[in-house]
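Observations on the three-dimensional arrangement
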Amino acid sequence: MSTPVLEIHGVHKSFGTLDVLRGIDLTAQAGTVTVILGPSGSGKSTLLRSINHLEKVDRGRVRLDGELIGYRQAGGKLHELGERHILQQRARIGFVFQNFNLFPHLTALENVAEAPIAALKKPKIQVYDHARELLARVGLADKTDVYPRQLSGGQQQRVAIARALALEPRLILFDEPTSALDPELVGEVLDVLRDLAAAGTTMIVVTHEIGFAREAADTVIFMDEGRIVEQGPPAQVLDHPRHERTQSFLSKVL
Ligand SMILES: Nc1ncnc2c1ncn2[C@@H]1O[C@H](COP(=O)(O)OP(=O)(O)OP(=O)(O)O)[C@@H](O)[C@H]1O
Ligand SMILES: [Mg+2]
């Protein structure tokens with residue numbers, strides 16, 4: 001089998017005496033969608049943040065295309081990478097947050113173009129053309145020149161997705177991308193996620209949208225108390241969960 005895009009092995013993370021991740025192993029092959037479910041506080045966001053080294057793990061390894069994230073190994077020891085190198089690695093991992101995190105003083109187009117101009121030092125004309133294409137792809141061709149405050153939540157989140165795509169990442173992490181949205185706006189963002197999935201984007205999506213998981217996920221993971229309780233295809237985890245904790249969680253969200 002080819003090298004997975006993402007490989008997480010034995011990841012542990014504590015905050016003080018609180019063990020938030022207690023031995024996480026996870027593999028994502030190219031072009032797959034992994035949906036992570038789990039109760040509040042189970043460590044889902046911490047896991048996503050550990051993947052791109054926004055959190056420094058206490059133990060374990062994260063690899064992107066086989067390359068260690070956040071560290072280099074020399075003589076059997078790990079040495080944390082310098083900030084520049086970490087930023088370069090992070091550019092290969094898109095991150096879409098619950099609260100969009102757009103720059104309020106930049107237009108939609110400028111939000112999408114900002115990282116490629118700053119990070120990749122690409123010619124501006126090329127970056128803006130690509131940014132326009134990305135905004136069109138998320139259905140916002142007519143919103144290039146407006147500011148985030150002039151956009152609905154669903155539109156802001158679609159700009160944030162276009163921004164995540166702008167660096168042509170190997171992997172995109174989504175942390176509850178629809179949970180800050182009014183119910184009638186959830187669908188338009190999930191449609192964009194479905195399009196990305198169909199186009200072969202490798203995605204890890206933390207969400208409570210079970211319908212989306214059922215349709216779009218290759219693998220559904222249920223986390224509780226810092227561990228992966230079970231994982232498998234949606235039909236198995238969602239319809240025939242093996243663990244009582246998964247069953248009781250699903251009975252609350254379904
Ligand atoms: N920087 C931090 N310092 C201390 N504790 C933290 C920190 N970040 C997270 N935690 C704690 O770690 C635990 C897991 O948090 P995390 O945000 O990963 O959970 P989650 O599964 O994403 O929950 P939610 O569904 O509410 O978003 C929680 O108890 C949280 O309070
Ligand atoms: Mg969270």
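Criteria and thresholds
Residues numbered from 1 in each chain as written. Chains lettered and ligands numbered in written order. Predicted model: local features only at pLDDT ≥ 70, side-chain atom pairs only at ≥ 80, totals over all residues. Axes fitted to C-alpha atoms, helices over the stretch in contact; angles between N-to-C directions. Helix = DSSP H or I, 4+ residues; strand = E, 2+ residues; numbered from the N terminus. Parallel < 35°, antiparallel > 145°, perpendicular 65-115°, else oblique. Left-handed = near helix turned anticlockwise from the far one by under 90°. Contact = placed C-beta atoms within 7 Å. Nonpolar A, V, L, I, M, F, W, Y, C, P; charged D, E, K, R; others polar. Buried ≥ 20, exposed ≤ 12 C-beta atoms within 10 Å, placed from the backbone. Pairing = 2+ DSSP bridges.

1. Concerning the packing of helix α4 (residues 124-137) against helix α5 (residues 153-166)
Viewed as axis vectors pointing N to C, α4 and α5 meet at an angle of 135°, and their least axial separation amounts to 9 Å. Taken together, the axes of α4 and α5 lie oblique to each other. Handedness of the α4/α5 crossing: right-handed. Of α5, the residues touching α4 (which contributes H130, A131, L134, L135 and R137) are A162, L165 and A166. Residues belonging to the contact of α4 with α5 are distributed by class as follows: six nonpolar, one polar and one charged.

2. Let's talk about the pairing of strand β3 (residues 33-37)
Of all five residues in β3, five are buried; the element is thus mostly enclosed. Side chains of β3 alternate between two faces, with V33, V35 and L37 and T34 and I36 buried alike. Both β3 and strand β10 (residues 203-206) contribute to a ladder of four bridges, which runs parallel. When the sheet's bridge partners are listed, I36 is paired in β10 with V206. Note that β3 and strand β11 (residues 219-224) share four bridges and pair parallel. Across the sheet, residue L37 finds its bridge partner in β11, namely F222.

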